[in-house]
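Below, each chain spelled out in residue letters.
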Amino acid sequence: MEKTWRWFGKKDKIKLEMLRQIGVEGIVSALHDIPNGEIWPLEAINDYKNHIESSGLRWSVVESLPVSESIKYGGEDRDQLIENYGKSLENLGKAGITTVCYNFMPVLDWARTDLYYPWEDGSSSLYFDKAKFAYFEIHILERKGAEKDYSSEILEKVEQLKNIITEEEKNDLIDSIIVKTQGFVNGNIKEGDQDPVAIFKSLLALYDGIDKEQLRQNMKYFLEKILPICEEWNIQMCVHPDDPPFSLLGLPRIVTCEEDIDWFLNAVDNPHNGLTFCTGSLSAGLQNDVPKLAQKYALRTRFVHLRSTNVFENGDFIEAHHLGGRGKLIDVIRIFEKENPSLPMRIDHGRLLTDDMDKGYNPGYSFLGRMLALGQIEGVMATVQNEMKIKTISGGIS
């Protein structure tokens, strides 16, 4: 698999030269400065591509070309927004960039309650605390009926938290859930916005009455419109699984498990309609057997995210070591190296180590932690490739 790295542009403290030196081959990035819904100009795409190539790397994957909320909930302007999206895809195709990772998650992209959860060894990682998230829903957002989505055990913890949480901790929770993790991804909310909670509530209100089936139909409508353009320019669209892979905030989630993946692949059965196989997102759902899914969808996968999680009995989950946890990356790498070895893959998240805080541009995206994981993954890939060579040679000896 091609070794790629998510890079957040010229403002990223992690420089392209650093990535080339540690063995990265391709860059995963986007034109983050262009507002959602606007067309990506060919000139801007080529300028960015040339900048990446001047460092001896290539722009392998667009992550992401954001799908506007109006497309997801079916707003009056969705046809114009889809037309703009199609023109951006055409311009990417003209520039020779043909893999586009996107998601169809309403309002909230990836969700965590703690961005720097401490480990005993002094490192830190992302963490999802179900009770903290429930407190956010019930007492900060004040979402009507939110209590019905949680067990009595979680609600008891929420009441305990209500009695001890400080204003600073409340603000940190808001920052973690709806500001720092969202602004650089979809631009709905960004640092410096006044009253992000009010903005977030207004976004949630747009999905009133949108259930899982309606969201599915809106995704199908989107794919039917753009896939002819993808066919013309050989664009591989690959949807990212929902992170985490279960419903949040009363919103439907439609890429969470085997049933969901089967649905969208069959809803518009086209080879350009593919999957971003994220071992981390999928492993955060106890319903998912990650290696089994990798085997089933290897030939419809267009991009691979390698990370792993541990899930606890109470529903909390945490980033695991890349070679540990429920992601079972060794098994997954064996499958993809055998079934679809030309795929781009990138190391995702992991631990923040030592002075990673000075090098990361966005929460959860370490430099040293991912560099360590890249070396581990390279070792696994080399072992698998050697095993395959030995089998090929031994199979040819009579």
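Read on for an overview of the structure. (Residues numbered from 1 in each chain as written. Predicted model: local features only at pLDDT ≥ 70, side-chain atom pairs only at ≥ 80, totals over all residues. Heavy atoms only, no water.)

1. Concerning the overall build of the chain
Here comes step 1: Broken down by element type, the chain carries 15 helices and 12 strands.
Here comes step 2: Relative to its full complement of 398 residues, the chain shows a buried share of 57%.
Here comes step 3: Long-range contacts, defined as pairs at least 24 residues apart, comprise 72% of the intrachain contacts of the chain with a sequence gap of at least 6.
Here comes step 4: Accessible surface, the chain: about 17,000 Å² in total, of which carbon and sulfur atoms supply 49%.
Here comes step 5: Mean positive and mean negative side-chain charge positions of the chain (45 and 62 charges, respectively) differ by 3 Å. (Helix = DSSP H or I, 4+ residues; strand = E, 2+ residues; numbered from the N terminus. Buried < 20%, exposed > 50% of the residue type's maximum accessible area, 1.4 Å probe, protein only. Contact = heavy atoms within 4.5 Å. Areas by Shrake-Rupley, 256 points an atom, 1.4 Å probe, with all protein chains shown as cover. Lys, Arg positive; Asp, Glu negative; His and termini not counted. Charge placed at Lys NZ, Arg CZ, Asp CG, Glu CD.)

2. Re the packing of aromatic side chains
Here comes step 1: Here the structure, examined in full by the defined rule, presents 15 aromatic pairs.
Here comes step 2: When the centroid spacing of 5.9 Å and the interplanar angle of 70° are considered together, the rings of Phe-128 and Phe-246 count as edge-to-face. Separated by 118 residues along the polypeptide, Phe-128 in strand E6 (residues 124-128) and Phe-246 in the loop between strand E7 (236-239) and helix H11 (258-267) bring together distant segments of the chain.
Here comes step 3: The class for Phe-128 is buried, based on a relative accessible area of 1%.
Here comes step 4: Note on Phe-246: relative accessible area 26%, which makes it partly exposed.
Here comes step 5: Among the aromatic residues, ring-to-ring pairing joins Phe-128, Phe-133, Phe-136, Phe-200, Phe-246 and Phe-317 into one connected group.
Here comes step 6: Positioned above the aromatic ring of Tyr-221 is the side chain of Arg-78, whose terminal nitrogen or guanidinium carbon lies 3.7 Å from the ring centre.
Here comes step 7: Of note, Arg-351 hangs over the ring of Trp-119, and the distance from its end group to the ring centre comes to 3.2 Å. (Phe/Tyr/Trp six-rings, centres within 6.5 Å; stacked < 30°, edge-to-face > 60°. Lys NZ or Arg CZ within 6 Å of the ring centre and 35° of its normal.)

3. Digging into the sheet that holds E6
Here comes step 1: Strands sit in the order E5-E6-E11-E10 across an open sheet of four strands; the sheet is antiparallel. Strand pairing shows two members of the sheet lacking a second neighbour, strand E5 (114-118) and strand E10 (309-311), which therefore form its edges. The average undirected angle you get between the axes of adjacent strands in this sheet is 35°.
Here comes step 2: As paired elements, E6 and strand E11 (residues 317-319) share two bridges and run antiparallel to each other. Pairing of Tyr-127 across the sheet is with Ile-318, part of E11. (Pairing = 2+ DSSP bridges. Axes fitted to C-alpha atoms, helices over the stretch in contact; angles between N-to-C directions.)

4. Side note on the sheet that holds strand E1 (residues 2-6)
Here comes step 1: The strand order around the closed barrel built from eight strands is E1-E2-E3-E4-E7-E8-E9-E12, with neighbouring strands paired in parallel fashion. Across the sheet, the axes of successive neighbouring strands diverge by a mean angle of 30°, strand direction being ignored.
Here comes step 2: Looking at chain direction, strand E3 (residues 58-63) and strand E4 (residues 99-102) are connected through two bridges and run parallel. Residue pairing in the sheet places Glu-63 in a bridge with Cys-101 of E4.
Here comes step 3: Each of E7 and strand E8 (273-278) is contacted by H11, which is oriented at about 155° to E8, the strand it contacts most.

5. Observations regarding unusual backbone geometry
Peptide bonds are trans in most cases, and residues, glycine excluded, mostly fall at negative phi.
Here comes step 1: The omega angle of the peptide bond from Glu-63 to Ser-64 is 0°, so this bond is cis rather than trans.
Here comes step 2: Mapped onto the elements, Ser-64 comes out in the loop between E3 and helix H3 (69-73).
Here comes step 3: At Val-107, a position not held by glycine, the phi torsion is positive, near 65°.
Here comes step 4: Looking at where Val-107 falls in the secondary structure, it is placed in the loop between E4 and E5.
Here comes step 5: Here Val-107 falls in the buried class, since its relative accessible area comes to 2%.

6. Here's the deal with the packing of helix H5 (residues 130-141) against helix H6 (residues 152-164)
Here comes step 1: Contact pair H5 / H6: the axes reach a minimum separation of 9 Å and the direction vectors enclose 70°. One element, H5, and the other, H6, form an angle in the roughly perpendicular class. Within the contact between the two elements, H5 uses Lys-130, Ala-131, Lys-132, Ala-134, Tyr-135, Ile-138 and His-139 and H6 uses Ile-154, Leu-155, Lys-157, Val-158, Glu-159, Leu-161 and Lys-162.
Here comes step 2: Across the contact of H5 with H6, the residue classes tally to eight nonpolar, one polar and five charged. (Parallel < 35°, antiparallel > 145°, perpendicular 65-115°, else oblique. Nonpolar A, V, L, I, M, F, W, Y, C, P; charged D, E, K, R; others polar.)

7. Remarks on helix H9 (residues 196-205)
Here comes step 1: Every buried residue of H9 is accounted for by Pro-196, Val-197, Phe-200, Leu-203 and Leu-204. Along H9, the residues classed as buried sweep out an arc of 120° about the axis, all on the same side.
Here comes step 2: Along its buried surface, H9 packs onto H5 and helix H7 (167-179). (Arc of directions from axis to C-beta.)

8. What to know about the pattern of salt bridges
Here comes step 1: The final tally for this structure, using the stated rule, is 24 salt bridges.
Here comes step 2: The closest approach of N and O atoms between Arg-112 and Asp-243, which form a salt bridge, is 3.1 Å. Of this pair, Arg-112 sits in the loop between E4 and E5 while Asp-243 sits in the loop between E7 and H11, and the two are 131 residues apart along the sequence.
Here comes step 3: Note on Asp-243: relative accessible area 4%, which makes it buried. (Salt bridge = Lys/Arg side-chain N within 4 Å of Asp/Glu carboxyl O.)

9. Quick look at the packing of helix H10 (residues 212-233) against H11
Here comes step 1: Following both chains from N to C, one finds H10 and H11 inclined at 40°, their axes separated by 10 Å at the closest point. Crossing geometry of H10 relative to H11 is assigned as right-handed. In contact with Lys-212, Arg-216, Gln-217, Met-219 and Lys-220 of H10, H11 contributes Glu-259, Asp-260, Trp-263, Phe-264 and Ala-267.
Here comes step 2: Counted by class, the contact of H10 with H11 contains four nonpolar, one polar and five charged residues. (Left-handed = near helix turned anticlockwise from the far one by under 90°.)

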